[in-house]
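Structure at a glance
The primary structure of each chain is shown beneath.
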Amino acid sequence: LERTLGELASQSVAVPWELIVVSNNCTDGTDEFIQALQFPTRVTLVKEARPGPGAARNAGARQACGRYILFLDDDILLDRNCIAGVHDFLEKRSG
């Protein structure tokens, strides 16, 4: 998780974006880590008791404020321009 968040923090994004982290019954200190996190954009911690990725993604999506949602797991590493690239791609096609 720490490495994934480091990659997200280094994103080159010109538009506002938010980070939503869903704690899916975590017992490894994830909640405390996220609450203490210094991050370049808004961070929301969502706690979801129902197990599984579907429940976690749905809980996160319900909290999202943006126009687009990009789901990641804690072992995904992104290129520095990934979020900007996905945003630009979707904007060009959404009309």
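Conventions and cut-offs
- Residues numbered from 1 in each chain as written.
- Predicted model: local features only at pLDDT ≥ 70, side-chain atom pairs only at ≥ 80, totals over all residues.
- Heavy atoms only, no water.
- Helix = DSSP H or I, 4+ residues; strand = E, 2+ residues; numbered from the N terminus.
- Phe/Tyr/Trp six-rings, centres within 6.5 Å; stacked < 30°, edge-to-face > 60°.
- Pairing = 2+ DSSP bridges.
- Right-handed = clockwise from strand over helix to strand, strands pointing away.
- Salt bridge = Lys/Arg side-chain N within 4 Å of Asp/Glu carboxyl O.
- Buried < 20%, exposed > 50% of the residue type's maximum accessible area, 1.4 Å probe, protein only.
- Patch = residues over 30% accessible without salt bridge, like charges linked within 9 Å, V, L, I, M, F, W, Y side chains within 5 Å.
- Areas by Shrake-Rupley, 256 points an atom, 1.4 Å probe, with all protein chains shown as cover.
- Lys, Arg positive; Asp, Glu negative; His and termini not counted.
- Charge placed at Lys NZ, Arg CZ, Asp CG, Glu CD.

What follows deals with unusual backbone geometry. With glycine set apart, most residues show a phi of negative sign, and most peptide bonds adopt trans. For Asn25, which is not glycine, the phi torsion reads 60° and is therefore positive. Tracing the chain through its elements places Asn25 in the loop between strand E1 (18-23) and helix H2 (30-35).

The next subject is the packing of aromatic side chains. For any pair of aromatic rings, geometry is given as the distance between the ring centres together with the angle between the planes. Across all of its chains, the model carries 1 aromatic pair by this definition. For the ring pair Trp17 and Phe39, a centre distance of 6.1 Å and an interplane angle of 75° mean the geometry is edge-to-face. Of this pair, Trp17 sits in the loop between helix H1 (2-9) and E1 while Phe39 sits in the loop between H2 and strand E2 (42-47), placing them 22 residues apart in sequence.

Pairing geometry for E1 and E2, over 6 bridges, is parallel. Bridge assignment links Leu19 to a residue of E2, and that residue is Val43. Handedness of the β-α-β unit built from E1, H2 and E2 comes out right-handed.

The full count for this structure, using the stated rule, is 6 salt bridges. In this structure, the salt-bridge partner of Asp31 is Lys47, at a minimum N-O distance of 3.5 Å. Here Lys47 lies in strand E2 and Asp31 lies in helix H2, a separation of 16 residues in the sequence. With relative accessibility at 56%, the residue Lys47 sits in the exposed group. Residue Arg57 is joined to Asp73 by a salt bridge in which the shortest nitrogen-to-oxygen separation is 2.9 Å.

Next up on the list: a negative patch on the surface. A cluster of like negative charges, contributed by Asp28, Glu32, Asp74 and Asp75, occupies part of the molecular surface. Residue position: Glu32 is located in helix H2. With relative accessibility at 52%, the residue Glu32 sits in the exposed group.

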